[in-house]
Amino acid sequence: MSLDPAAFYETYAPMVLRRCRKLLGDDHHARDAMHDVFVQVLTHRAELDDRAPSSLLFRIATNTCLNRLRSRKRRPEDGDPDLLAQIAAVTDPAARSAARSALDALFRHEPADTAAIAVMHLHDDMTLEEVAAEVGMSVSGVRKRLAKLRAKLHGMEARP
Amino acid sequence: MSSVPDWLAERVALDEAAAHRARIARTDPRELAEHVAALRDDNARELAAHPAGPAAAELATRVAAEQRRLAARRQRAAWRGLAIAAGGAACVLVAVLAVHRGTAERAGGPRADDTRVKGAARLIAYRQHGDSADELAPDTVVRAGDVIQLRYRSGGRRYGIIASIDGAGGVTLHFPADESAPPEATAMPGGTTALPHAYQLDDAPRFERFFLITADDPIDVQDGLAAVRALAQRDDAADAPLELPAGFTQTSLRLRKPESP
């Protein structure tokens, strides 16, 4: 993808920043994450195509923020992000009480993009088809990932 | 609250919503227009406060550093591939040399067993109790909710990363702060230093094991974490050392979880 970094930044930075702010809930961390997103995209720009960069940036921003949430999850002074807990609550309301402590285990052995799929479907209100297009998977693949996540959550809840 | 999802409004505002016509058709046009207008106002405010020029210059510096890092990584991978391909021939050569020159170990240069589990590097864990903290001996029993503060000493090596694994296979990076940090961010101070963050144990079973990996050169954080993640998936994760390339030192500290939480 051939691009002028300054023009690219001017066009997309506010959108990426809003996405990061929404997931991280903090302006300082969101700006750091936004810069990480642009570094990733600009580093690999020769390998990217230029169709709808907003979709690519949205996906990278989502993954970057989820990685940051995982990294800071256990640092008390950074606060306690609620987003993943909300996801678990939406997935299965009965699991609410166990969700917070179980979330790390829930996503731990899953492919890296499973959490992003869950966020897009359950938090961003994307349909399965829209999620599939976003992450480059089949609809049935997305459905299977979410079903596996739900089953895992049920299994964890049933565990004594 | 708007029924228009943010991501859809963002793409309409950027004129990149051609793939989402069906979804747009299901939204309230007035709401969508208001949402898009609000985003464009926010864009203008953001770019007035943070113009693209200085940000792009800062990004260019980081992108150049990242490209150098990736190039060095590719070069290391190529060397590793070469080393594996040459492995069989090298074994024969070393055996011949050992016969003629005595022990091959004195030949110098890095070897796989340069990875040392022991050394001057040290990890020390403290459990916080209000304003005070107790140092935790290896295999101390800790519980979910305990707040742990780590201190470390790099043992004279200039670079390091600190990560932990738990009995559920989870991996947490403690230093540097982010796994996308460049290798230079693994620089460690001399002396004994506390991590800037305490952290809270979760309910993972069996154990929590901390690793300090050190080296004389900047460490690729992703490579270091890959070794930690590989061990975390193994059955002997509570006891086995990390599999690291030559030139790295590792030390670990294990804390136990109660049998019945």
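The rules behind each value
- Residues numbered from 1 in each chain as written.
- Chains lettered and ligands numbered in written order.
- Predicted model: local features only at pLDDT ≥ 70, side-chain atom pairs only at ≥ 80, totals over all residues.
- Helix = DSSP H or I, 4+ residues; strand = E, 2+ residues; numbered from the N terminus.
- Buried ≥ 20, exposed ≤ 12 C-beta atoms within 10 Å, placed from the backbone.
- Contact = placed C-beta atoms within 7 Å.
- Core = buried A, V, L, I, M, F, W, Y, C linked by C-beta atoms within 7 Å.
- Pairing = 2+ DSSP bridges.
- pLDDT = per-residue confidence, 0-100.

**Brief notes about the overall build of chain B**
When helices and strands are counted, chain B shows 6 helices and 9 strands. Residue burial in chain B is summarised as follows: out of 261 residues, 28% are buried. In chain B, the proportion of contacts linking residues at least 24 apart, taken out of those at least 6 apart, comes to 74%.

**Structural notes on the overall build of chain A**
When helices and strands are tallied, chain A shows 8 helices and 0 strands. In chain A, the succession of α and β elements from N to C terminus is α-α-α-α-α-α-α-α. Per-residue burial over chain A gives 42% buried out of 160 residues. Across chain A, the fraction of contacts at a sequence separation of at least 24, relative to all contacts at a separation of at least 6, is 59%.

**Observations regarding the nonpolar core**
Among the nonpolar cores identified, the biggest contains 51 residues, and V16, C20, M34, V37 and L57 of chain A are the most heavily contacted of them. Among the nonpolar cores identified, the runner-up in size contains 33 residues, and Y152, L212, V228 and L255 of chain B belong to it.

**Structural notes on the pairing of strand β5 (residues 171–175) of chain B**
Where burial is concerned, most of β5 of chain B is hidden: 5 out of the 5 residues are buried. The hairpin formed by strand β4 (residues 159–166) of chain B and β5 of chain B contains 4 residues between the paired strands, and G169 of chain B there has a positive phi angle of roughly 90°.

**Comments concerning the interface of chain B and chain A**
Counting residues at the interface gives 38 residues for chain B, matched by 34 residues for chain A. Counting only elements with at least two residues in the side of chain B that touches chain A, the list comes to α1 (6–13), α3 (29–49), α4 (52–85), β5 and β7 (199–200) of chain B. A per-element tally of the side of chain B that touches chain A places α4 of chain B first, with 10 residues.

**Section: α1 of chain B**
Since one α-helical turn is 3.6 residues long, residues separated by three or four positions face the same way. Residue and element names in this part refer to chain B. The buried fraction of α1 is high, at 6 of 8 residues. Of the residues making up α1, those classed as buried are W7, L8, A9, E10, R11 and A13. Looking one or two places after α1, you find D15, whose phi comes out positive at around 60°.

**Some words on the confidence of the model for chain A**
Residue and element names in this part refer to chain A. With 71% of its residues at a pLDDT of at least 70, chain A reaches an overall mean of 78. Between the elements of chain A, mean pLDDT differs from a low of 48, seen in helix α4 (residues 83–91), to a high of 94, seen in helix α1 (residues 5–24). The low-confidence segment residues 75–81, where pLDDT is below 50, has 10 contacts with residues more than four positions distant or belonging to other chains. Segment residues 87–101: pLDDT under 50, and 27 contacts once partners within four positions in sequence are set aside and those in other chains are kept.

**A word on the pairing of β4 of chain B**
Residue and element names in this part refer to chain B. For β4, the buried fraction is high: 8 of the 8 residues fall into the buried class. Both faces of β4 are covered, namely the face carrying Y159, I161, A163 and I165 and the face carrying G160, I162, S164 and D166. As paired strands, β4 and strand β8 (residues 207–215) are joined by 8 bridges and run antiparallel to one another. Residue Y159 lies in a different strand from β8, and its bridge partner there is A215.

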